[in-house]
There are 2 protein chains.
Amino acid sequence: MARSKQYNEEEVIEKAMGLFWRNGYENTSVRMLEKEMGINQFSIYSSFGSKNGVFLECIKAYKKKIHRITEILEKSNNGVAGIKQYFYDFLEFSKDDNGKKGCLVTNTVNELGEHGDPIIMTELKSFFNEIKTLLANSLKQDKNKTQETIEKQANYLATSMLGLSLASKILSGEQLEDFIETAFINL
Amino acid sequence: MARSKQYNEEEVIEKAMGLFWRNGYENTSVRMLEKEMGINQFSIYSSFGSKNGVFLECIKAYKKKIHRITEILEKSNNGVAGIKQYFYDFLEFSKDDNGKKGCLVTNTVNELGEHGDPIIMTELKSFFNEIKTLLANSLKQDKNKTQETIEKQANYLATSMLGLSLASKILSGEQLEDFIETAFINL
DNA sequence: TCTATTTCTAAGCAAATGCTTAGAAATAAA
DNA sequence: TTTATTTCTAAGCATTTGCTTAGAAATAGA
């Protein structure tokens, strides 16, 4: 028995996510969020509690968004080739209109480090581990690899993804291709 | 014919560098710089002009500081082995008392991206290119490599360094070793 | 010792930050 | 239509931000 919200929470979070993705956490103010999300501060706080709350929802939305490409990796059954495809898929995924956004999770880990809100940091680290597990599962498809090799190569690939994410913000497409092609020579 | 400064500019920049390194640019306030550098805001502004000015000096100081390990790579004549040593040297270099600082330049590129002060961004990119050139020069010591291979592998190694820098902030020593050992199988 | 010049302390500035709130506007149910 | 309840607008809160400044303290040269 009352007025209903004039905005869709999922939609405004999608917009907020873009802003955080481009600018980082600290460089995104609540005033900027207001404009981008198209709603008043009151609505932001009543729906999400705090700037941190908005960000947490953005991380969740990001996970859903990137599921489009992690899903492909998850379903692939051609081992290392599937992982390589994931690296290329990520590059396409991280491209903005002006390019160069990297990965929201990686960006945030780098920005906030250990100083960030514990709940957010936990969410970020769990994402990283999910990806690493995904990489390990694809590696396991090669029955010649020992468990030890899989663990080592998963650490290698996970770290390489961090590098790719950061590099995607500053290097050319050609340079990024050099990286991927060389990175997969010996797996 | 006047009073002389009660602080050494090099010394206070060294302290400021540590703060920026740990916290990032935006998460370091002038008040925090005051405390860490042990001098008043007036002194900060009269010596360095602005927060940006302090940071620029910190980048320069960082370049000098890291010269300790880039010098080793520069003087090495055992090709890829020297580069691998550089990767390990970097890990030791980036370790704080509590570990996990990464690379000041990489951290800043990631944080500020294209939004950062142009002078600073230029300085950061020039550093990245210097490292890449250094890597390429070491690769050239292997006379079997073509110019094309060298360019590809330099891009590969430079991107791997970005990954290592970021990973050093969140992964264990063992995992980082996995990365390095696997990364150099490809060369 | 005197004085011109600099450095220092500490208070203060406007603007921006995250967040709150009073009251107007809207609307589902009675 | 009335009313209870919610959402909305817009002003305002204390705090922090980068930076400035007035005046006290120090000191090198006369």
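These numbers come from a predicted model, not from an experiment. (Residues numbered from 1 in each chain as written. Chains lettered and ligands numbered in written order. Predicted model: local features only at pLDDT ≥ 70, side-chain atom pairs only at ≥ 80, totals over all residues.)

A few words on the overall build of chain A. The secondary structure content of chain A amounts to nine helices and zero strands. Element order for chain A, N to C, with α for helix and β for strand: α-α-α-α-α-α-α-α-α. Among the 187 residues that make up chain A, the fraction classed as buried is 36%. Considering only intrachain contacts with a sequence separation of at least 6, the fraction spanning at least 24 residues in chain A is 59%. (Helix = DSSP H or I, 4+ residues; strand = E, 2+ residues; numbered from the N terminus. Buried ≥ 20, exposed ≤ 12 C-beta atoms within 10 Å, placed from the backbone. Contact = placed C-beta atoms within 7 Å.)

Facing the 34 residues of chain A at the interface are 34 residues of chain B. Along the lines of polarity and charge, the residues of the side of chain A that touches chain B split into 11 nonpolar, 16 polar and seven charged. (Nonpolar A, V, L, I, M, F, W, Y, C, P; charged D, E, K, R; others polar.)

So, about the protein's contact with DNA strand D. In the vicinity of DNA strand D there are 24 residues, among which Ala2(A), Gln6(A), Phe42(A), Ser29(B) and Lys51(B) approach most closely. When contributions to the surface near DNA strand D are tallied by element, the ones reaching two or more residues are helix 3 (41–48) of chain A together with helix 2 (30–37) and helix 3 (41–48) of chain B. Ranked by residue count, the leading element in the surface near DNA strand D is helix 3 of chain A, at four residues. Grouping the amino acids of the surface near DNA strand D by side-chain chemistry returns nine nonpolar, 10 polar and five charged. (Near = placed C-beta within 6 Å.)

What follows is about the relation of the copies chain A and chain B. Applying a rotation about an axis and a shift along it to one chain copy brings it onto the other copy. Rotating chain A by 180 degrees and moving it 0.0 Å along the rotation axis overlays it on chain B with an RMSD of 0.2 Å. Each copy turns onto its partner about a two-fold axis. Measuring from the rotation axis to each C-alpha of chain A, the shortest distance belongs to Gly163(A), at 1.7 Å. A shared interface surface links the copies, since 100% of the contact residues of chain A are contact residues in chain B too. (Least-squares fit on C-alpha atoms with pLDDT ≥ 70 in both.)

The subject of this paragraph is the protein's contact with DNA strand C. The local shell around DNA strand C holds 24 residues, among which Ser29(A), Ala2(B), Arg3(B), Gln6(B) and Phe42(B) are the closest. Breaking the surface near DNA strand C down by element, the ones donating at least two residues are helix 2 (30–37) and helix 3 of chain A together with helix 3 of chain B. At four residues, the largest contribution of residues to the surface near DNA strand C is made by helix 3 of chain B. A class-by-class count of the residues in the surface near DNA strand C yields nine nonpolar, 10 polar and five charged.

With that settled, consider helix 7 (residues 118–140) of chain B. Residues and elements named next belong to chain B. An ideal rise of 1.5 Å per residue puts 33 Å on 23 residues; helix 7 measures up with 32 Å between its terminal C-alpha atoms. Within the span of helix 7, buried status applies to Leu124, Phe127, Ile131, Leu134, Leu135, Ser138 and Leu139. Taken together, the buried residues of helix 7 touch helix 4 (51–75), helix 5 (80–94), helix 6 (104–112) and helix 8 (147–167). (Expected span 1.5 Å × (residues − 1).)

What follows is about the packing of helix 8 (residues 147–167) of chain A against helix 8 of chain B. Taken N-terminus to C-terminus, the directions of helix 8 of chain A and helix 8 of chain B make an angle of 110 degrees; their axes are 7 Å apart at the nearest point. Viewed along their axes, helix 8 of chain A and helix 8 of chain B adopt a mutual orientation that is roughly perpendicular. Counting all contacts with helix 8 of chain A, which are made through Thr159(A), Ser160(A), Leu162(A), Gly163(A), Leu164(A), Leu166(A) and Ala167(A), the residues of helix 8 of chain B involved are Thr159(B), Ser160(B), Leu162(B), Gly163(B), Leu164(B), Leu166(B) and Ala167(B). When its residues are assigned to classes, the contact of helix 8 of chain A with helix 8 of chain B shows eight nonpolar, six polar and no charged. (Axes fitted to C-alpha atoms, helices over the stretch in contact; angles between N-to-C directions. Parallel < 35°, antiparallel > 145°, perpendicular 65-115°, else oblique.)

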